[in-house]
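# Coordinate inspection notes
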Amino acid sequence: MRIFEIVKENVNLREAVELYGIDVNRYGMALCPFHNDRHPSLYVAGDHYHCFACGEHGDVIDFVSKLFRLSLYDAAKKLAADFHLTPDKPPSAAALHAKRIRTEAQQLRENERLCFSVLPDYARVLRDWKVQYAPQSPDEPVHARFVEACHKLDETEYYLDILCAGDSHERAEVVRQQMSDGKLEELRQRLEDIHKEDENDNNTADVA
Ligand SMILES: [Zn+2]
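Residues numbered from 1 in each chain as written. Predicted model: local features only at pLDDT ≥ 70, side-chain atom pairs only at ≥ 80, totals over all residues. Heavy atoms only, no water.

## Describing the overall build of the protein chain
Each helix and strand counted, the protein chain has 8 helices and 4 strands in total. Listed by position from the N terminus, the elements making up the protein chain come as α-α-β-β-β-β-α-α-α-α-α-α. Over its C-alpha atoms the protein chain spans a radius of gyration of 24 Å, topping by over 25% the 17 Å that the globule rule assigns to 208 residues. When the backbone C-alpha atoms are referred to their principal axes, the protein chain occupies close to 80 × 35 × 30 Å. When each of the 208 residues of the protein chain is scored for burial, the buried share is 34%. Across the protein chain, the fraction of contacts at a sequence separation of at least 24, relative to all contacts at a separation of at least 6, is 51%. Distance between charge centroids for the protein chain: 7 Å, based on 26 positive and 38 negative side chains. (Helix = DSSP H or I, 4+ residues; strand = E, 2+ residues; numbered from the N terminus. Rg over C-alpha atoms; globule rule 2.2 N^0.38 Å. Buried < 20%, exposed > 50% of the residue type's maximum accessible area, 1.4 Å probe, protein only. Contact = heavy atoms within 4.5 Å. Lys, Arg positive; Asp, Glu negative; His and termini not counted. Charge placed at Lys NZ, Arg CZ, Asp CG, Glu CD.)

If you want it as structure tokens, here you go:
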């Protein structure tokens, strides 16, 4: 079948894996989509992949066939369409499906980036507050920032752990939770204000 040859010759496995929303790290490892993978077990090398955890392996056509539950022939057709190897044909349903998956994966990555631009900063601020505003004696009134640090620091670090090491479902859940009701944007603006405030305090201290 000519389509198999065309696809194998023209489609890079790693590019295909990434096109369908799976990040491959610089060691060629990725979270395996064929089992609930928490640490990258899928090795993507040259024209073959192999999962050290569940044992799945094959070439780019096997990969797409398993990922989208398509026959090998349909998988090859889908790859040909997604990589524009048959530009004269209109996009198939499978190609449109891939486009949707790609958009969702991109959206998730973008939202993850937003979380990573806010949550580590928040954790840093809370860590500072926990020390800076700790009551020095038992009868001293407890500072609101100390209370917030006690309540929120563990939670924030827990979410960061998941974003760093969780599987794609866990990460998506944390991102969804963080982005709901504009919570993350609110936090980002609040952190901006806090940093501005701190800067002003420092400037005043310098003048004095
Ligand atoms: Zn696996």
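Now that the structure is up, let's keep going.
## Some details on unusual backbone geometry
When glycine is set aside, most residues are seen to have a negative phi, and most peptide bonds are trans. Even without being a glycine, R69 presents a positive backbone phi close to 50°. Its location among the elements puts R69 in the loop between helix 3 (60-67) and helix 4 (72-82). When its relative accessible area of 78% is taken as the criterion, R69 is described as exposed. Positive phi, normally seen in glycine, also occurs at D181, with a value near 55°. Residue position: D181 is located in the loop between helix 7 (168-179) and helix 8 (183-207). A relative accessible area of 74% places D181 in the exposed class.

## With respect to the domain arrangement of the protein chain
In many analyses, interface size is given as the accessible surface area lost on bringing the parts together. The domain boundaries assigned to the protein chain delineate domain 1 (2-89) and domain 2 (99-207). Computed over C-alpha atoms only, the centres of domain 1 and domain 2 are separated by 36 Å. Listed by partner, the interface residues are 9 residues for domain 1 and 10 residues for domain 2. For the pair domain 1 and domain 2, the two sides together bury roughly 790 Å², of which 46% comes from carbon and sulfur. Linking domain 1 to domain 2 there are 2 salt bridges. (Domains from an automatic or database assignment. Buried area = accessible area lost by both parts, 1.4 Å probe. Salt bridge = Lys/Arg side-chain N within 4 Å of Asp/Glu carboxyl O.)

## Some remarks on the sheet that holds strand 3 (residues 48-51)
Taken together, 4 strands build an open sheet; the order of strands is 1-2-3-4 and the sheet is antiparallel. Each of the sheet's edge strands pairs with one partner strand only, and the pair in question is strand 1 (29-30) and strand 4 (57-58). Each of strand 2 (42-45), strand 3 and strand 4 is contacted by helix 3, which is oriented at about 50° to strand 3, the strand it contacts most. (Pairing = 2+ DSSP bridges. Axes fitted to C-alpha atoms, helices over the stretch in contact; angles between N-to-C directions.)

## Digging into the packing of aromatic side chains
Inspection of the entire model under this criterion finds 7 aromatic pairs. With a centroid separation of 6.4 Å and 85° between ring planes, the pair formed by W129 and Y133 is classed as edge-to-face. For the residue pair W129 and Y133, the accessibility class agrees, reading buried in each case. Ring centres 5.8 Å apart and planes at 50° place the aromatic pair Y158 and Y159 in the tilted group. The class for Y158 is exposed, based on a relative accessible area of 51%. Cation over ring: K78 sits above F68, and NZ or CZ is 4.3 Å from the ring centre. (Phe/Tyr/Trp six-rings, centres within 6.5 Å; stacked < 30°, edge-to-face > 60°. Lys NZ or Arg CZ within 6 Å of the ring centre and 35° of its normal.)

## Structural notes on the packing of helix 1 (residues 2-10) against helix 4
Interhelical geometry of helix 1 versus helix 4 gives an angle of 50° and a closest axis separation of 9 Å. Taken as axis vectors, helix 1 and helix 4 run oblique relative to one another. The element helix 1 and its partner helix 4 pack so that their crossing is left-handed. Contacts between helix 1 and helix 4 involve I3, F4 and V7 from the first element and L72, Y73, A76, K77, L79 and A80 from the second. Taken together, the residues that form the contact of helix 1 with helix 4 break down as 8 nonpolar, no polar and 1 charged. (Parallel < 35°, antiparallel > 145°, perpendicular 65-115°, else oblique. Left-handed = near helix turned anticlockwise from the far one by under 90°. Nonpolar A, V, L, I, M, F, W, Y, C, P; charged D, E, K, R; others polar.)

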